[in-house]
Amino acid sequence: MEFSTILVEQRDQLGFITLNRPEKMNTFSSQLARELNDGLRLLDQDEAVRVIIVKGAGKAFSTGIDIAEFHGKSTTEYQEWIELMDEMHLTVASLAKPVIAMVHGYAVANGAGLLFAADFAFVAEGTKIGTTAINVGLLCTGPVIPISYGLGKKKVLEMLLSGEMIDAAEAERLGMVNKVVPLDRLEAETLKFAQKLLAKSPLAVKMGKHFYYQMVDMPFNQRFNYSSEIFARLCTAEDAKEGVDAFLNKRKPVWRGK
């Protein structure tokens, strides 16, 4: 599969997607949005890849949607357009493999949405993050959906309606990102965390991610029914038997992903 707005590579069980429109601050054109989803699915299907990392080329992670595409659409066309821009949220949630956003510079509007869509986020110090569409009379409706699960109503509405950006340190304090690190340590710290995921059972990671995205919208009691189902299925898996035996015999487990 050929791409023109992203770079896709695989090395050492890691898949990398680089947003590659640095001259446009990696803004989302329709083509980039489509290629991002295709690239994510491609790496998810690659048996050699166990963790996916998304980053941006140049000075920024992404500064949102390319405004050059804004004018001249009907209401139906605008809806189809924004559905395409928001599709990454559903794609990331549907993947079997964890996705880490490696963020620097700016993550604004749909760029912030990609940061929020990722399962994990490591961010360089000084990075500015914002849902800023309100400043041009629009709304970052898609990007605020994932953060609404973890932030209170007042902060979500502040981000949606004020258009003010926050810095990486505040995002970390609010629990919106996993870790903030110096820019020159961003890749090393991201890869260090990726290695932690690689050290775990591939089956448990896959089922754990699936459990989370299925569980979050369930009623309280139903969550526990689903939890016991997932746990029971894991108990009969080869990896669980291997993991328990390795623990009891004080050795490193050899995962098979089964």
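A short tour of the structure in this document, coming up. (Residues numbered from 1 in each chain as written. Predicted model: local features only at pLDDT ≥ 70, side-chain atom pairs only at ≥ 80, totals over all residues. Heavy atoms only, no water.)

Brief notes about the overall build of the chain
For clarity, the cut-off: Secondary structure elements are defined from DSSP: runs of H or I of at least 4 residues count as helices, runs of E of at least 2 residues count as strands, and each element is numbered from the N terminus. Values of the radius of gyration come from C-alpha atoms, whereas the globule rule sets the reference at 2.2 Å times the count of residues to the power 0.38. Burial classes follow relative accessibility: with a 1.4 Å probe on protein chains only, a residue under 20% of its type's maximum area counts as buried, one over 50% as exposed, and anything between as partly exposed. Contact criterion: two residues are considered in contact whenever any of their non-hydrogen atoms come within 4.5 Å of each other. In short, Shrake-Rupley with a 1.4 Å probe defines the accessible areas, and a residue's cover is counted only from the protein chains shown. Charged residues are defined narrowly, with Lys and Arg counted positive, Asp and Glu counted negative, and His plus the chain ends left uncounted. The location of each charge is read from NZ of Lys, CZ of Arg, CG of Asp or CD of Glu.
A tally of helices and strands in the chain yields ten helices and nine strands. Computed over C-alpha atoms, the radius of gyration of the chain comes to 19 Å, within 12% of the 18 Å expected from 2.2 N^0.38 for 258 residues, which places it in the range of a compact globule. Residues counted as buried form 45% of the 258 residues belonging to the chain. Across the chain, every contact between residues at least 6 apart in sequence was considered, and the portion connecting residues at least 24 apart equals 66%. With an accessible surface of roughly 13,700 Å², the chain has 55% of that area assigned to carbon and sulfur atoms. Side chains of the chain carry 30 positive and 32 negative charges; the gap between the two charge centres is 7 Å.

Focus: the sheet that holds strand 5 (residues 106-108)
Rules: Strands qualify as paired when DSSP identifies two bridges or more between them. Axes here refer to lines fitted to C-alpha atoms; in helices the fit is confined to the stretch in contact. Angles between the N-to-C directions go from 0 to 180 degrees.
Strand order in the open sheet made by the three strands is 5-7-8, with mixed pairing throughout. Every interior strand has two partners, whereas the edge strands, strand 5 and strand 8 (166-167), have only one. Note: strand 7 (residues 128-130) against strand 8, two bridges, orientation antiparallel. Note that in strand 8 the partner of Lys-128 across the bridge is Asp-167. Helix-sheet contacts for helix 3 (residues 110-117) involve strand 5 and strand 7, and the interaxial angle to strand 5 is about 95°.

Things to note about the pattern of salt bridges
To be explicit about the condition: Criterion for a salt bridge: a side-chain nitrogen of Lys or Arg within 4 Å of a carboxyl oxygen of Asp or Glu.
All chains considered together, the criterion is met by 13 salt bridges. When the shortest N-O distance is used, the salt bridge between Arg-41 and Glu-87 registers 2.6 Å. A residue pair is termed long-range when its members are at least 10 positions apart, and Arg-41 in helix 1 (residues 30-45) and Glu-87 in helix 2 (residues 75-94) qualify at 46 residues. One salt-bridge network, in which partners are shared between bridges, spans Glu-9, Arg-11 and Glu-187.

Structural notes on the packing of aromatic side chains
Our working rule: A pair of Phe, Tyr and Trp rings is counted when the ring centres sit within 6.5 Å of each other, with Trp represented by its six-membered ring. The angle between the planes then sorts it: under 30 degrees is stacked, over 60 is edge-to-face, the rest tilted.
Enumeration according to the criterion identifies eight aromatic pairs in this entry. Seen in terms of ring centroids, Tyr-212 and Tyr-213 are 5.1 Å apart; in terms of plane orientation they differ by 85°. Their pairing is edge-to-face. Taking relative accessible area as the criterion, Tyr-212 reaches 39% and is therefore assigned partly exposed. We classify Tyr-213 as partly exposed; its relative accessible area is 26%. An aromatic cluster is defined as three or more aromatic residues linked by ring pairs; in this entry it consists of Phe-70, Tyr-78 and Trp-81.

Regarding helix 8 (residues 202-215)
Since there are 3.6 residues in each turn of an α-helix, residues three or four apart along the chain are aligned in direction. Spelled out, the test is: Here the expected span of a helix is defined as 1.5 Å times the quantity of residues minus one.
Here helix 8 contains 14 residues, and its C-alpha end-to-end distance of 20 Å stays within 8% of the 20 Å for a straight helix at 1.5 Å per residue. Those residues of helix 8 lying buried are Leu-203, Val-205, Met-207, Lys-209 and Met-215. Packing partners of the buried residues in helix 8 comprise helix 2, strand 4 (99-103), helix 7 (186-198), helix 9 (220-235) and helix 10 (238-248).

Points about unusual backbone geometry
The phi dihedral of Ala-109 is positive, around 55°, even though this residue is not glycine. With respect to the helices and strands, the residue Ala-109 is situated in the loop between strand 5 and helix 3. For Ala-109, a relative accessible area of 13% translates into the label buried. Positive phi outside glycine occurs at Lys-250, with the angle close to 50°. Assignment of secondary structure puts Lys-250 in the segment after helix 10. We classify Lys-250 as exposed; its relative accessible area is 77%.

Quick word on the sheet that holds strand 9 (residues 179-181)
What the six strands build is an open sheet, ordered 1-2-3-4-6-9; its pairing is mixed. Two strands close off the open sheet at either side, each with one partner strand: strand 1 (6-11) and strand 9. Between one strand and the next, the sheet's axes are offset by a mean angle of 20°, whatever the strand orientation. Here six bridges tie strand 1 to strand 2 (residues 14-19), and the two strands are oriented antiparallel to one another.

Considerations on the environment of Phe-231
Counting through the fold element by element, Phe-231 comes out in helix 9. Assessed through its relative accessible area of 57%, Phe-231 is described here as exposed. The spacing of Phe-231 and Gly-208 is 23 residues in sequence and 9.7 Å in space, taken between C-alpha atoms.

A closer look at the nonpolar core
Using the following cut-off: Put simply, a nonpolar core is a bunch of buried Ala, Val, Leu, Ile, Met, Phe, Trp, Tyr and Cys residues held in one set by side-chain atoms that sit within 4.5 Å of each other.
By size, the foremost hydrophobic cluster in this structure holds 43 residues, and its most contacted members are Leu-40, Leu-115 and Met-176. Excluding residues that lie within four positions of it along the chain, Leu-115 makes contacts with Phe-61, Ala-101, Val-103, Ala-107, Ala-121, Val-123, Ile-129, Met-176 and Val-177.

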